[in-house]
Amino acid sequence: SAVISQKPSRDICQRGTSLTIQCQVDSQVTMMFWYRQQPGQSLTLIATANQGSEATYESGFVIDKFPISRPNLTFSTLTVSNMSPEDSSIYLCSVKGGHGNTEAFFGQGTRLTVV
Amino acid sequence: AQKVTQAQTEISVVEKEDVTLDCVYETRDTTYYLFWYKQPPSGELVFLIRRNSFDEQNEISGRYSWNFQKSTSSFNFTITASQVVDSAVYFCAPLSGTYKYIFGTGTRLKVLA
């Protein structure tokens, strides 16, 4: 299994500002994933981040709003830009591993509140 | 198109009762994996079980068991002798393709002492 550390674990931010979330994995992984979980909702994939290439964004998510960096095989950042109260969510970093490389392992999440 | 349905929004049981969480996955794919994840109040998602579409054998692991029936697209998860620590939101999450999980809407389980 993979151990994933996310920072910060929670934050309260003013609207119009930006927050960068860090994700550190204890092993090298090709793909890292960023999810959003709005209050009381399920998880939605924001983007897939591969080392050395641009992130691939899912429908409804754009790079200007959620820029992602992937400088090496163990680290990634997600920035939530120009925040509004609608961005208040839990943001989760994930990697794949385990048997057949099919299991998803998640960080503890970053609980963001925008006021 | 693929669709995951967790019809139970919230379930409350008394400690030591058995509880079954339902999940229906509709897809045209013949090969896929199905997962159950648990999200306790702390927020972290915890992997519970994985099942592939080839194997319809029901299995038991400790207090957990699962029942997969491809003919009805159902992948149900049972907790035997529930405990208060089982209180969490449970997500059914099929793996579509090689990397994309489709998370259901979740079932909130409350186990009362």
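Up top is the structure.
A brief structural summary. Please read all numbers here as calculations on a predicted model, not as lab measurements. (Residues numbered from 1 in each chain as written. Chains lettered and ligands numbered in written order. Predicted model: local features only at pLDDT ≥ 70, side-chain atom pairs only at ≥ 80, totals over all residues. Heavy atoms only, no water.)

When you line up the elements, Gln108 of chain A lands in the loop between strand E10 (103–106) and strand E11 (110–114). In sequence terms Gln108 of chain A and Gln51 of chain A are 57 residues apart; their C-alpha atoms lie 22 Å from each other. Setting aside chain neighbours within four positions, we find Gln108 of chain A in contact with Ile4, Ser5 and Gln6 of chain A together with Ser42, Gly43 and Glu44 of chain B. Among the polar contacts listed, one links the side chain of Gln108 of chain A to the backbone oxygen of Gln6 of chain A, at a separation of 3.0 Å. (Helix = DSSP H or I, 4+ residues; strand = E, 2+ residues; numbered from the N terminus. Contact = heavy atoms within 4.5 Å. Polar contact = N/O pair within 3.5 Å; in protein donor to acceptor, adjacent residues only side chain to side chain.)

Taken as a whole and judged by the stated rule, the model has 4 salt bridges over all chains. One salt bridge connects Glu58 of chain A with Lys100 of chain B, and the closest N-O pair in it is separated by 2.7 Å. One end of the pair, Glu58 of chain A, is in the loop between strand E6 (56–57) and strand E7 (68–72); the other, Lys100 of chain B, is in strand E11 (residues 100–101), on a second chain. We note a salt bridge from Asp86 of chain B to Arg63 of chain B, for which the minimum N-O separation is 2.8 Å. (Salt bridge = Lys/Arg side-chain N within 4 Å of Asp/Glu carboxyl O.)

Under the definition given, this model contains 2 disulfides over all chains. The disulfide partner of Cys23 of chain A is Cys93 of chain A, and the gap between their sulfur atoms is 1.9 Å. Of note, the bridge from Cys23 of chain A to Cys93 of chain A carries an S-S torsion of about -70 degrees and is left-handed in sense. Here Cys93 of chain A lies in strand E9 (residues 89–97) and Cys23 of chain A lies in strand E3 (residues 19–25), a separation of 70 residues in the sequence. With respect to burial, Cys23 of chain A and Cys93 of chain A carry one shared label: buried. Two residues, Cys23 of chain B and Cys92 of chain B, share a disulfide whose sulfurs are 2.0 Å apart. Taking the sign of the torsion about the S-S bond as the criterion, the disulfide between Cys23 of chain B and Cys92 of chain B, at about -65 degrees, is left-handed. With a gap of 69 residues between them, Cys23 of chain B in the loop between strand E3 (19–21) and strand E4 (24–26) and Cys92 of chain B in strand E10 (residues 88–96) connect regions that are remote in the sequence. Residue Cys92 of chain B is classed as buried on the basis of its relative accessible area, which comes to 0%. (Disulfide = S-S within 2.5 Å. Buried < 20%, exposed > 50% of the residue type's maximum accessible area, 1.4 Å probe, protein only.)

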